[in-house]
Structures are given as C-alpha cells and as structure tokens.
Amino acid sequence: MNQYQNQPYQDDDLISLSEIFTILFRGKWWIIGSTLLCTLGAFLYLLIVPPIYNTTAMLQLPSPAYITEIAQPGSGRNATSAMEVIKSSAVIEAIIAKEKLDISVLPYERAGTNTKIKVATFTVPDGMIGKPYLLITTGNSTYQLKQDGKTILTGKAGEVSKLIQEGGNVEILVTELNSQANDEFLLEKQSSQQVMANLLSSLSVSEQGRNTNIITLTLAGTEPENDRKTLDALIDQYLSHQFKKESKSLTGEKQQVELSLHQLKERLDLAQARYEFLSKSGMVSTQNADKIAAQQMVVIQDEQLKVLNLLSAKYEDLANYLDALNAALAWNAENGSVSVLSYSQSSIAPVKPKKSLILVLATLLGGMMGVGIVFVRAMFNQELKAEQLEKLTPYTVYATVPFSDQQNRFDSKAPQKTTGDQSLLANVSPSDQSVENLRTLRTNLLYDLAKADNNRVMVTSPLSGAGNSFITANLAELLAQIGKKVLLVDGNIRKDNLVNYFNVKSGSGLADRLAKPGSNHIVEINDQLHLLPAGSKQDNPTVLLASQAFAELLERFSKEYDVVLIDTPAVLPVTDAALVGEHCATNLMVVNVLNNRIEDVLDAGRRLEQVGISVHGCVMNGSKNSVRR
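Not measured: the values here are computed from a predicted model.

*Asks:* Please explain the layout of surface pockets as it appears in this structure.
*Replies:* Over the atoms rolls a probe the size of a water molecule, and its path tells where empty space is left. Considered as a void within the structure, the largest pocket measures approximately 1,400 Å³ in volume. Taken together, 34 residues line the largest pocket, and the ones lying closest to its centre are Lys100, Leu101, Ile103, Glu223 and Asn226. For the lining of the largest pocket, the secondary-structure elements that each account for two or more residues are α5 (89–99), β2 (103–107), β3 (116–123), α6 (192–202), β11 (214–221) and α7 (224–288). Its residues placed into classes, the lining of the largest pocket shows 13 nonpolar, 11 polar and 10 charged.

See below:
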C-alpha cells in the first residue's frame, strides 16, 4: 500500500511557502536565541561604552567693511579660511600647552571616590612619552612617583619636584591634591601630536548655512565640563591669534602709510615753494619782458599749479587712509574682528550612543542572523523526502516517522531506565506524532501480512544508525496492543540492541539458541510480546544465520506467534540481512532521512535482490520537517 501514490512529486529546487514557514518554525529557538544574544550584546555594549556629549559654540566672522578692505585690500574674510585657522597647529598646540591637555591623570585601583588632583607641569624623557607613571599619595598633600614599581621621586603639592638623570629629567608640579593616603593615580605624558590628532578627530568646525560667515564649533567627548573648558580656550586662542594677526597687518600698513605721507608732504612743500617762486618771478617778467615771454611764464605757472593740486589731493587721500587705519586699530583693540555669538554649551542628553536605535538595530540584526542560520542549517541538512524516494526508487514508503524529542530524552537517560517496557515511546507517550505514524506503519504491514506467505517480517536499513531497532521495538509493542501475539527477534548477533528498549540484561539469546539447539532464551515482556535477544557475541554470526537450525527455528516461531519481527544489521556493511531476509515474506527497509542517500537505498536494494530478496516497503525515519500535531 502506497500512502503517497496520489501526491504529485515536487521538484527539489522549488520550495513552497509552507516549507519556508515550517523551516522557520522548526528553527524558532535559533532565531530567538540569536535575537536575544545580539540584544544582550547591545545592552552590554551600552553599559560599557561611556556616553558622548556634544559641546558647541558659535562665532560670527564679518566685521566692518573698511577693516576688511584695509587689512586685506581687494578681498574679504571667508568662513573657509577661518575654519582652517581654527584647526591649525598654531591654535591647537597653543591650547594643548595652555590647558595641559597632554597630561593625563586617571584614578587607579585604590583611588578614593572624592579625590581631586591637578598637575600643572609634568616633564619626562622622550623615551617615556606615552608610558604611565604611578603617583601614590602619602598624606599631608605629599606623594610618591613610581616608575616600573620603583620610587623615583617624592614631592608635595604646590612645590616643583625634579629628578635629574641621564637620558632626560623628570619634573612634576602638583598644584592641587585632595585625597587620602595611599590613593593611586596613573600619570602619563602624552605626545602633543597624538593629543592634537585626538582633539581634531573629535572637533567639528562648519559654517552655519551658506555664505553666512557664522561658524559652529562642536567638540564631542565623555566629559562635558572639560570639553567646555577646552572649547572656550580654543575660541579665546583663535580670537587672540586673529587679533595679533590683524593688528600686525594694520600696524604694518599704518607704518607704510605714515612713511608715504611724510614723503608726499616733502614733495608737496617743495611744489608749493616752487609755485610761489614762479609766481613772484612771473610778475617781474611781465613788467620788463615782451609779450611772448609773459605768455610762456603763465603756462609754466599753470603747470606747476596742476602739480601742486595733484599732490595736495594725494596727500589728503593718504591722510584720510591713515585716519581709517587708526580707527580700525582702535576698533579692533576694543571689539576684535570676530564676534562670539555663544560660548560653549554642552548637550543635556548624550548624543552617542543612541540607545534605542542600537537596541532596535541589534534586535533586527539578531533576528536576521537567526533566520540566516536557520536557512543555512536547512540547506546543509536536506532531508530525503518520501516523494523523492518513491520517484527515484521502485520502493513504496509505508510511513514517515518524525524525530521524537521524547525518545531523544530517553536515549540521553538510558543508564537510568528502570523496569519492563516503560521506556518504549509507544507506552510512555502514545500520543507522540512518531507513535501515530508508527500506527500507520502497523496498518500497512498488517495489510501486507494478510497476503504474505508467512508471518515473518525483517526490518533492516541501508547503513547503520538509521534507527531500525527503534522502529522494530515500538512496532512490536503496537502490534501487541491490538491483540497480536508478537515475537521480537534481535537478529543483530554482532550487537545486542533491543534489550536496551526493554531494560533486559544482555545475556543468552538467539546466538546461544543456535549454538545449542533446544535451549530457551525467550524473555516475556508482557502477555502479548516476547523478546529473543541477540545473545552472546559469536565469532561466526553469518554461519549461524545461514544454518538449517535458524531456518527451523523461524518456522517454529511462525507457528507459535501471530507476527515474528526480526531486527537485522544494515545491508551494505554485512550480509546478515540477506541471510535473514530469505526466510521472511515481508522485508522493510528503514531509511534515515538525514544520513541516507538515494544511492544508499538503491545499493542496498540491489544487494538484496541479487540473492532473491525483495524489499516490500520503506520507513522514513528521523524527519524534522514532518508536521506535528
């Protein structure tokens, strides 16, 4: 009977929506676990990473037009040049030195909570720049400075302490020290270049809008109070830099104008004197000379007057220019050329990390990773489907038995099994989906047995580990439950498996019965189910199974029982199944959907057919894709 014969085969390369949901549902714990793991990681990240605050300030560049034209004739101040000046080494290095940004002081392991220390000077040899020193307070505002565990100098707050040594001196001035004895601090003299690089990486300078000449300065950091001091110092240093630069430019221009004005005054005085001389000379010449000479003198006087007027105009313009320079210097001294719209202000809430966004993204990432893991696992754990088996082999699938979590727990607690058949899945969890599918197998088997030549059933598999012992043991119990008298024979003389399902001690069994005919080694599990274990290990199991005694024994069992179920080793590794199968009218092959391939099934079938044994049906075992109730 083929329970799948009316279902069309689907191509393996296609996957239906229902299969996708099945894969996701089956891997729900991977998805949940991945999501929780990423969310937990994000939460721990948010706990560890210190919050970052933005400290901002605003400057306005435009100044009176005449200052701009005087300071830089023909051009005007622009935001781009100002931003480059703000980030220049001339400004940054000055505030590093002024604010002692290259001196790092951090509390160490035994530092108190209410301690306060301020280091104004800390000079170390070049080779020790970037390396930590340990400062330990000794009480009464005194301290010790250690290097590599050795005390190199002692000092007191407010006093300069100096160590003169070969290779470079160490000098320190602690201006403030409020702490208990034995408080520890790590001191480090950092490279100015590194401090400058760090400061520039956290400093953002941009123009507010376009062509507004309003500059916004933003400093990101974990200590808003220190950042405000640093940003204010940066603004003051830039203002001072600009004032000095423009004052120098205006002063130099003023000196040049004063020199030009002095030279022009001399030329003007000379021209005035010459004009006056010509005027007097012209009057005399007019009285004594002829008319032509008088006309020539008038022309000369007119030309000199033009020169005098031109020099006077230039002198007046240059004097006005000097007045403008003096006004510019006075205005620049009083107001400066750059207006501070707002000094530094820190954000109330941290701008980084964005907690809600990180948690949401981590949760989404975890879910996506979980889905990806589930699909990758599904891709590398392709199950052999009943439709595939029936399409690609000549065999009928009697039943598909899904993987049982309950049976898996039994297997993990095998040493603690107690009595009788209480560890059989068919007894302990009769509603398990695996048991329900085994009932389908029982129905199909009984249908075949009704037409078979004998009541003996061999259960084998292509390769070891397919689970045929599990199938055989539970099938025997299910047959017994409907009133069939069943003998379960462990035909795997090489390994006594079935005793584990009934908590029967390994001892004598089939091998002993064949070696010594007449002895009885059958174990009564219940009134309807009896078990013949494999017995003691033998050196020649194939000889025993090929013996006439085995054939006669099976004939006898067929008369005493309604069904004789024989569990055998796998077909491909050994020949035991072929020896048993020739005495059975019904032969079933258990196929593990994860570990067995179509080629394994076909090879096993051919191996049996070569000795005249037909496989009547297959049982698909271990499926994780089967729909659960």
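*Asks:* Would you mind going over the side chain of asparagine 492 with me for this structure?
*Replies:* In this structure, asparagine 492 sits in the loop between β15 (486–490) and α15 (499–502). Setting aside residues no more than four positions away along its own chain, asparagine 492 makes contact with Asn497, Ala534, Asp567, Thr568 and Pro569.

*Asks:* Just checking my understanding: could you explain the sheet that holds strand β14 (residues 456–460) for this structure?
*Replies:* Taking strand neighbours across the sheet as the criterion, the 8 strands line up as β13-β20-β19-β14-β18-β15-β17-β16 in an open arrangement whose pairing is mixed. Strands at the two margins of the open sheet, each flanked by one partner only, are β13 (397–402) and β16 (523–524). When β14 meets strand β19 (residues 586–592), the two strands line up parallel, connected through 4 bridges. Pairing of threonine 460 across the sheet is with methionine 589, part of β19.

*Asks:* Sorry, what's going on with helix α4 (residues 79–86) here?
*Replies:* The α-helix advances 3.6 residues per turn, and as a result positions three or four apart in sequence lie on the same side. Of the positions making up α4, those classed as buried are Ala79, Ala82, Met83, Val85 and Ile86. Within α4, the buried residues cover an arc of 160 degrees as seen down the axis, which keeps them to one side.

*Asks:* Where do I start with unusual backbone geometry in this structure?
*Replies:* What is expected of a backbone is that most residues other than glycine have negative phi and most peptide bonds are trans. A cis amide bond, omega -15 degrees, links lysine 352 with the succeeding residue proline 353. With respect to the helices, strands and loops of the structure, proline 353 is situated in the loop between β12 (339–346) and α9 (355–380). The phi torsion at asparagine 140 lies on the positive side, around 55 degrees, for a residue other than glycine. On the secondary structure map, asparagine 140 appears in the loop between β4 (132–139) and β5 (142–147). The residue asparagine 503 is not glycine, and still its phi comes out positive at about 55 degrees.

*Asks:* Teacher, can you tell me more about the confidence of the model for the protein chain here?
*Replies:* Reading predicted coordinates in detail is not appropriate for stretches of low pLDDT. Looking at the protein chain, pLDDT values average 83 and 86% of them are 70 or higher. A low-confidence stretch, residues 64–76 stays under pLDDT 50, and its non-local contacts, those more than four residues away or across chains, total 20 contacts. Throughout residues 415–422 the model reports pLDDT below 50, and contacts reaching past four residues in sequence, or to other chains, amount to 17 contacts.

*Asks:* Whenever I open this one, the packing of α5 against α6 confuses me. Can you help?
*Replies:* The geometry of a pair of packed helices is captured by two quantities: the angle between their axes and the separation between those axes. Contact pair α5 / α6: the axes reach a minimum separation of 10 Å and the direction vectors enclose 110 degrees. Overall, the two elements α5 and α6 adopt an arrangement that is roughly perpendicular. Residue-level contacts link Ser89, Ile92, Glu93, Ile95 and Ile96 of α5 to Ser192, Val195, Met196, Leu199 and Leu200 of α6. Of the residues belonging to the contact of α5 with α6, the class tally is 7 nonpolar, 2 polar and 1 charged.

*Asks:* How should the environment of proline 132 be read in this particular structure?
*Replies:* Here proline 132 lies in strand β4. Looking at proline 132, the relative accessible area reads 48%, which means it is partly exposed. Between the C-alpha atom of proline 132 and that of glutamate 188, which follows or precedes it by 56 residues, the distance is 4.7 Å. Filtering out sequence-adjacent residues up to four positions away, proline 132 remains in contact with Leu186 and Leu187.

*Asks:* Just checking my understanding: could you explain the packing of helix α13 (residues 433–449) against helix α14 (residues 468–481) for this structure?
*Replies:* Running from N to C, α13 and α14 cross one another at 70 degrees; their axes reach a closest spacing of 10 Å. Between α13 and α14, the angle is such that the two are roughly perpendicular. Residues Val435, Leu438, Arg439, Leu441, Arg442, Leu445 and Leu446 of α13 pack against Ile471, Asn474, Leu475, Leu478 and Leu479 of α14. Residues that form the contact of α13 with α14 fall into these classes: 9 nonpolar, 1 polar and 2 charged.

What counts, and at which threshold
- Think of each chain on its own: its residues are numbered from 1, step by step along the sequence as written.
- With the structure being a predicted model, the display of local features is reserved for residues of pLDDT at least 70 and the display and counting of side-chain atom pairs for 80 or more, all residues being used for whole-chain, interface and lining totals.
- Note that the side-chain values use all heavy atoms of the structure and ignore hydrogens as well as water.
- Only protein atoms enter the 1 Å grid used here, on which a cavity is any set of points holding a 1.4 Å probe that cannot leave and a pocket is any open set flanked by protein within 12 Å on both sides along at least five of seven lines; residues with an atom within 4 Å of a point are listed as lining.
- Grid points are joined across faces, edges and corners, and a volume is the space filled by probe spheres set on the points.
- Working definition: helices are DSSP H or I runs of at least four residues, strands are E runs of at least two. Numbering for both runs from the N terminus.
- All residues other than Ala, Val, Leu, Ile, Met, Phe, Trp, Tyr, Cys, Pro, Asp, Glu, Lys and Arg, Gly among them, are scored as polar; the first ten of these are nonpolar and the last four charged.
- In what follows, a contact means two residues having at least one pair of non-hydrogen atoms within 4.5 Å.
- Pairing between two strands is assigned when DSSP locates at least 2 bridges connecting them.
- For every residue, the accessible area (1.4 Å probe, protein chains only) is compared with the maximum for its type, and the residue is labelled buried under 20%, exposed over 50%, or partly exposed between those bounds.
- When we speak of the arc, we mean the arc of directions from the helix axis to the C-beta atoms.
- pLDDT measures the predictor's confidence residue by residue and takes values from 0 up to 100.
- An axis is simply a line fitted to the C-alpha atoms; with a helix, the fit covers only the stretch in contact. Between two such axes, the angle follows the N-to-C directions and lies from 0 to 180 degrees.
- The cut-offs work like this: below 35 degrees is roughly parallel, past 145 is roughly antiparallel, 65 to 115 is roughly perpendicular, and the gaps in between are oblique.

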